[in-house]
Structure formats: C-alpha cells, structure tokens
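# Structural features, examined
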Amino acid sequence: GISWMYQEHAKPDGKPIGFGEFEAYDEASIMALEKVLEFTPESMVTVSNLVMAQNRVCDWSKRNRNAKLLKKALKDSIAKK
C-alpha cells in the first residue's frame, strides 16, 4: 500500500521528489512516518509501515521502541474488535 504512494512522487531515477538528501523511498518514508507517529502513535498502519521501511534499510536504531509500539497497537486493534 504505502509504496504506491511513493511511486506517484518519484523522479525518473527512482528517488523521491522533495527529499533530495535521501537516496531511497524507504529513507524518505522513515522520516515522514516518524512525523506521523508523533500524532498517531497508536496507528497499526503507521507503526507497521515504519518497521518495514526501517528493516529494508537495516536501520535497527529504534527496533525496541517500535516493537513495543507495534505490540501495543496490535493489542489495541484486537481489543476494538
């Protein structure tokens, strides 16, 4: 899902538009998803997309934090059903 959004905003060389300092979609998406996470830390979609993007670039710096957020988001999601 989220990768389609980035494809709509890519330069011909594959780099995202407006994120000149980043080399890949995932690096730009990590920055954007971290900002979204500030407003919706309970969002399963945001956390899972962030984890996937960080895994693709081997960014383990926030792995423990994200694992906790992901577990909480999953529990909250299940509780709502």
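Just above sits the structure.
Below or above, wherever it landed, is the structure these notes cover. Everything numeric here is computed off the predicted structure, so don't read it as measured data. (Residues numbered from 1 in each chain as written. Predicted model: local features only at pLDDT ≥ 70, side-chain atom pairs only at ≥ 80, totals over all residues. Heavy atoms only, no water.)

## Focus: the environment of valine 47
- Within the secondary structure, valine 47 sits in helix α3 (residues 44-56).
- Here valine 47 falls in the buried class, since its relative accessible area comes to 0%.
- Along the primary structure valine 47 and valine 36 are separated by eleven residues, whereas in three dimensions their C-alpha atoms are 9.4 Å apart. (Helix = DSSP H or I, 4+ residues; strand = E, 2+ residues; numbered from the N terminus. Buried < 20%, exposed > 50% of the residue type's maximum accessible area, 1.4 Å probe, protein only.)

## So, the nonpolar core
- Residues Ile30, Leu33, Leu37, Val47, Leu50, Val51 and Ala53 constitute the largest nonpolar core, which totals seven residues.
- Listed by contribution, the elements that provide at least two residues to this core are α2 (25-39) and α3.
- For this core, the leading source of residues is α3, giving four residues.
- Dropping the residues within four chain positions of it, alanine 53 is found in contact with Asp26, Ser29 and Ile30. (Core = buried A, V, L, I, M, F, W, Y, C linked by side-chain atoms within 4.5 Å. Contact = heavy atoms within 4.5 Å.)

## Comments concerning unusual backbone geometry
- Located in the positive-phi region is cysteine 58, a residue other than glycine, with phi close to 60 degrees.
- Mapped onto the elements, cysteine 58 comes out in the loop between α3 and α4 (63-79).

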